[in-house]
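Spelled out from the first residue to the last, the chains are:
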Amino acid sequence: MTSTDTAAAGEPPQDVERAQQLLLSERRSIDNIDAALVHLLAERFSHTQRVGLLKAEHGLPPADPSREQEQIAHLRALADEAGLDPTFAEAFLRFIVTEVIRHHERIRDEGSDPR
Ligand SMILES: C=C(O[C@@H]1C=C(C(=O)O)C=C[C@H]1O)C(=O)O
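What counts as what
Residues numbered from 1 in each chain as written. Predicted model: local features only at pLDDT ≥ 70, side-chain atom pairs only at ≥ 80, totals over all residues. Heavy atoms only, no water. Axes fitted to C-alpha atoms, helices over the stretch in contact; angles between N-to-C directions. Helix = DSSP H or I, 4+ residues; strand = E, 2+ residues; numbered from the N terminus. Left-handed = near helix turned anticlockwise from the far one by under 90°. Contact = heavy atoms within 4.5 Å. Near = heavy atom within 4 Å. Polar contact = N/O pair within 3.5 Å; in protein donor to acceptor, adjacent residues only side chain to side chain. Areas by Shrake-Rupley, 256 points an atom, 1.4 Å probe, with all protein chains shown as cover. 1 Å grid on protein atoms, 1.4 Å probe; cavity = no way out; pocket = protein on both sides within 12 Å on 5 of 7 lines; lining within 4 Å. Sits in = over half its atoms within 2 Å of the grid points. Nonpolar A, V, L, I, M, F, W, Y, C, P; charged D, E, K, R; others polar. Expected span 1.5 Å × (residues − 1). Buried < 20%, exposed > 50% of the residue type's maximum accessible area, 1.4 Å probe, protein only. Salt bridge = Lys/Arg side-chain N within 4 Å of Asp/Glu carboxyl O. Phe/Tyr/Trp six-rings, centres within 6.5 Å; stacked < 30°, edge-to-face > 60°. Points joined across faces, edges and corners; volume = space filled by probe spheres on them.

- As annotated in an unreviewed UniProt entry, the chain carries the name Chorismate mutase and comes from Brachybacterium vulturis.

1. Description of the packing of helix α3 (residues 65-82) against helix α4 (residues 86-110)
Step number 1: Viewed as axis vectors pointing N to C, α3 and α4 meet at an angle of 145 degrees, and their least axial separation amounts to 8 Å. Our pair here, α3 against α4, has a crossing hand that is right-handed. Side by side, α3 and α4 meet where Glu68, Gln69, Gln71, Ile72, Leu75, Arg76, Ala79 and Asp80 of the first sit next to Pro86, Thr87, Ala89, Glu90, Leu93, Arg94, Val97 and Ile101 of the second.

2. Some details on the site of the ligand
Step number 1: Residues in contact with the ligand amount to 14 residues; listed here are only the nearest, Arg44, Lys55, Asp64, Glu68 and Gln71.
Step number 2: Side-chain polar atom of arginine 44 to an oxygen atom of the ligand: 2.8 Å apart, as the coordinates give it.
Step number 3: Taken by itself the ligand offers 370 Å² of open surface, and the protein chains cover 90% of this.
Step number 4: Applying the majority rule of atoms within 2 Å of the grid points places the ligand in the largest pocket.
Step number 5: Contributing elements (two or more residues each) for the shell around the ligand: α2 (13-58), α3 and α4.
Step number 6: Of the residues belonging to the shell around the ligand, the class tally is six nonpolar, three polar and five charged.

3. Details of α4
Step number 1: With 25 residues, α4 should cover 36 Å at 1.5 Å per step; its first-to-last C-alpha distance of 36 Å lies within 8% of that length.
Step number 2: For α4, the complete set of buried residues consists of Pro86, Ala89, Glu90, Leu93, Ile96, Val97, Val100, Ile101, His103, His104 and Ile107.

4. Details of the pattern of salt bridges
Step number 1: A complete count under the given rule lists four salt bridges for this structure.
Step number 2: For arginine 94, the salt bridge goes to glutamate 90, with nearest N and O atoms at 2.8 Å. Of the two residues, arginine 94 and glutamate 90 are both situated in helix α4; the distance of four residues between them amounts to about one turn of the helix.
Step number 3: Residue arginine 94 is classed as partly exposed on the basis of its relative accessible area of 39%.
Step number 4: The class of glutamate 90 is buried, set by a relative accessible area of 17%.

5. Some thoughts on the environment of leucine 93
Step number 1: Here leucine 93 shows up in helix α4.
Step number 2: Separated by 18 residues in the primary sequence, leucine 93 and leucine 75 place their C-alpha atoms 8.3 Å from one another.
Step number 3: If sequence neighbours within four positions are ignored, leucine 93 has contacts with Arg44, Gln71, Ile72 and Leu75.

6. Notes on the packing of aromatic side chains
Step number 1: If you walk through the whole model with that rule in mind, you get one aromatic pair.
Step number 2: Look at phenylalanine 88 and phenylalanine 92: their rings are 6.1 Å apart centre to centre, the planes differ by 15 degrees, and that puts the pair in the stacked class. Within this pair, phenylalanine 88 and its partner phenylalanine 92 are both found in helix α4, separated by four residues, close to a single helical turn.
Step number 3: Assessed through its relative accessible area of 38%, phenylalanine 92 is described here as partly exposed.

7. Focus on the layout of surface pockets
Step number 1: By volume, the largest pocket is sized at about 340 Å³.
Step number 2: Forming the walls of the largest pocket are 15 residues, and the residues nearest its centre are Thr48, Val51, Lys55, Arg67 and Gln71.
Step number 3: Contributing elements (two or more residues each) for the lining of the largest pocket: α2, α3 and α4.
Step number 4: Approximately 180 Å³ is the volume found for the second largest pocket.
Step number 5: Forming the walls of the second largest pocket are Leu37, Leu40, Leu41, Glu43, Arg44, Leu75, Phe92, Leu93 and Ile96.
Step number 6: Within the residue set of the lining of the second largest pocket, elements represented by two or more residues are α2 and α4.
Step number 7: Across the lining of the second largest pocket, the residue classes tally to seven nonpolar, no polar and two charged.

This is how it looks when you write it as structure tokens:
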């Protein structure tokens, strides 16, 4: 028995069917958004890779903490306006930036894209 079957016990069949349709529709939207996020992240990394090459060519440091502080403040404000938890938005950005800095260090040390 699935969790849907369990929840369905005692409910009119049309309510169960409607709930299943809604669930499928929500999941289709979630899958579309996840696909868009992957494409956006790939696009972001293509820009940060170019930044990493420029930095390596000109002896600039991989990380720029003052730029990061500005980005975090901006993103927290945007998240707040959008009804998203600003702490989550900051953690998400930090997670990405940490990976970008790792790429920049690798480009500096090995002269190549780490992926
Ligand atoms: C991309 C850069 O390098 C690093 C990565 C950042 C990012 O992913 O947004 C921001 C600042 C830097 O620590 C940059 O300096 O602009």
